[in-house]
Amino acid sequence: MSDIVHLAVRYLAYHKLKTAVLIGSIMIIVYVPAGLTVLLEESGRQLTARAEATPLLIGSKGSPLELVLNSLYFESNAPAPLRYVELRRVAQSGLAQPIPLYTRFRTRHSPIVGTSLDYFAYRGLAVGQGRQMALLGECVLGSEAARAAEVSVGGFVLSAAENVFDIAGSYPLRMRVVGILERSGTPDDRVVFVDLKTAWTIEGLAHGHQDLAVPEAAGAVLRREGQTIVANASVQEYNEVTPENLDSFHFHGRQEDFPITAVIAVPRDERSATLLQGRYLSRDELLQIVRPTDVMGDLLRTVLTVRRYVVAAVAIVSLSTLGTMLLVIVLSLQLRRREMETMFKIGGSPLRMAAIVGTEILTVLLAGGGLALLLVLLTRWLSSDAARWLVQL
Amino acid sequence: MIQIQDLEFRYPHDAFRLRVPELTILRGETVALVGPSGSGKTTLLNLVAGISLPRSGSVRTGGVALATLGPAGRRRFRIRHLGLVFQEFELLDYLNVLDNILLPCRITGTIRLGAAHRARAIQLAEQLGISDKLRRPVRRLSQGERQRVAVCRALLLEPPLLLCDEPTGNLDPANKRHVLDLLFDYVHHSGTTLLTVTHDVELLPRFERSIDIREFLQQGPDNR
């Protein structure tokens, strides 16, 4: 047996290019459908798991898919905002616990999610380093977000400027990192979490600036009309909340009207869920309520249909590739006829010669299949990012 | 010993016909088989080796009527009793020198490759001056070196009968002499029978006997 393997391996090693092409072909034939299946199954599992952990979502009317993808994975474009008062409406109904989400902003590397502390408790997110956010301007990072920003507790992250050409727009806010979450293996790992008020500060709904009542600010004051002071552009606005300037931060407008992008509604029970859904069925209703599992189910059905087409196409290509490989092997055997004759003349057994050729083919198949298996395992290992990849698609 | 009696051979769909009424080569005899190209010298070697079978008549090689053996029996006979040196060397390009010499031990289940075979292969390589190239792929050897590898392969299992098809046809005079010296030295020490096809008339004095295959042409006009 070792002699057969020895001769087979020598032959394959000598014909490196041909062997590599055959192994590569086998690898692709095996890997593409298997890898695709693994990738889609894992993606589906992740998508479903996240959706199942989010019973109901309330958002402005529009694409349910966009609402779900944005609220669960923070990747899609932010849906149209709804007013913060809608959260109170849910709370007052007593049917569900509402958790706000405001996902409009980003840092350079990660989405910024404005929410309440209820979100962490609901998702089971634990602070690994530092502490939970408590003051305006503080943030807590998911583990991957911290790694991407190369920042640790005590460091800072900066919100990304929305439009650098809008000189009247809000400035990027420098936020202090007070905690880093333990890895959860969910999209939360990639997020910079802030309090809802901090998110509104990024938007410019709250701001802090130098005290215009003190004499040192007189140069910036244009006029005083009772309680109202009109200042020029030289007023120093703060782009970071510090213990010293915290008191100067204030909101303009009514909090009830401030924007959020979604409300996660955690119903007390199935009956409450049904009742809550019923409240958003009116034609005049400007909001929608969706079950993420239903939305993701529709998406996965579409994906699986596409997968069937892809697998069918791959099967056709694989058949033609196998045909070509068969032709290569047959031609190769014809070229080796003289070699076989020599072995036969010396006294070699045809069975043994067939075994040598068979071992060569088996080696190629095993090598190609083995490489494909490694790739499948690698795909499975990397598939934790598959859901994100699919969402980005 | 080789005994041929009333042999007739022809290829299918070919007018070629070889007739050998009687031919005896004694054990330990060194015989050169000469004749023009296409006269049937290689065919006769194949018949003696049991690679081809006669249409009629008998060929006894080493006292064995090869036609009475089945294909497997003839292969076993060849591997154990015959050393073959081919005109075009017939080495396997994807193997190195040592693997080519050891090839007879690797292609049959009846012989188990062992340390003794390796030692014998190395010894033969030393005798033929190619021991420093044992790990070299045969495609990187000169013609003379390749032929020496082919001779080593034929002598590996110490066969009692050596059949050579122009073993020195592609060699320069020095290599030719070297290879022949080894063959004759081996033959004389082991009592091996040597039947060699050659076109080189200068070599004939080294053989005890030479047979011109044209002698058999007189027996039939369509011999080749």
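Preceding block: the structure.
What counts as what
- Residues numbered from 1 in each chain as written.
- Chains lettered and ligands numbered in written order.
- Predicted model: local features only at pLDDT ≥ 70, side-chain atom pairs only at ≥ 80, totals over all residues.
- Heavy atoms only, no water.
- Contact = heavy atoms within 4.5 Å.
- Buried area = accessible area lost by both parts, 1.4 Å probe.
- Salt bridge = Lys/Arg side-chain N within 4 Å of Asp/Glu carboxyl O.
- Polar contact = N/O pair within 3.5 Å; in protein donor to acceptor, adjacent residues only side chain to side chain.
- Patch = residues over 30% accessible without salt bridge, like charges linked within 9 Å, V, L, I, M, F, W, Y side chains within 5 Å.
- Areas by Shrake-Rupley, 256 points an atom, 1.4 Å probe, with all protein chains shown as cover.
- Lys, Arg positive; Asp, Glu negative; His and termini not counted.
- Charge placed at Lys NZ, Arg CZ, Asp CG, Glu CD.
- Helix = DSSP H or I, 4+ residues; strand = E, 2+ residues; numbered from the N terminus.
- Buried < 20%, exposed > 50% of the residue type's maximum accessible area, 1.4 Å probe, protein only.
- Pairing = 2+ DSSP bridges.
- Axes fitted to C-alpha atoms, helices over the stretch in contact; angles between N-to-C directions.

A. Quick peek at the interface of chain B and chain A. The partner chain A presents 19 residues to the 24 residues of chain B that form the contact. Of the roughly 2200 Å² buried where chain B meets chain A, counting both sides, 62% is carbon and sulfur surface. A per-residue breakdown of the area chain B buries against chain A is headed by Tyr 94, Arg 106 and Ile 107 of chain B, which together make up 36% of the total. A salt bridge links Arg 106 of chain B to Asp 3 of chain A, with the nearest nitrogen and oxygen atoms 2.9 Å apart. Put simply, chain B and chain A have 11 residue pairs in polar contact (both at pLDDT 80 or more) between them.

B. A positive patch on the surface, seen in detail. A cluster of basic residues, Lys 16 of chain A together with Arg 136, Arg 139 and Arg 140 of chain B, forms a positive patch on the protein surface. In this structure, Arg 136 of chain B sits in the loop between α5 (115-127) and α6 (143-155). Judged by its relative accessible area of 35%, Arg 136 of chain B is partly exposed.

C. Structural detail: the environment of Arg 139 of chain B. All names here are of chain B. Relative to the assigned elements, Arg 139 resides in the loop between α5 and α6. On the accessibility criterion, Arg 139 (40% relative accessible area) is partly exposed. Along the backbone, Arg 139 and Leu 95 are 44 residues apart, and their C-alpha atoms lie at a distance of 8.8 Å.

D. Quick look at the sheet that holds strand β4 (residues 56-61) of chain B. Residue and element names in this part refer to chain B. Taken together, the four strands give an open sheet; going across it, the order is β2-β1-β4-β5, and neighbouring strands pair in antiparallel fashion. Either end of the sheet is taken by a strand with one partner, and the two such strands are β2 (17-25) and β5 (64-65). Both strand β1 (residues 2-10) and β2 contribute to a ladder of eight bridges, which runs antiparallel. Counterpart to Leu 7 in the pairing with β2 is Val 20. Most of the contacts of helix α1 (residues 41-49) go to β1, to which it runs at about 120°, and overall it touches β1, β2 and β4.

Any functional reading would require information that these geometric values do not contain.
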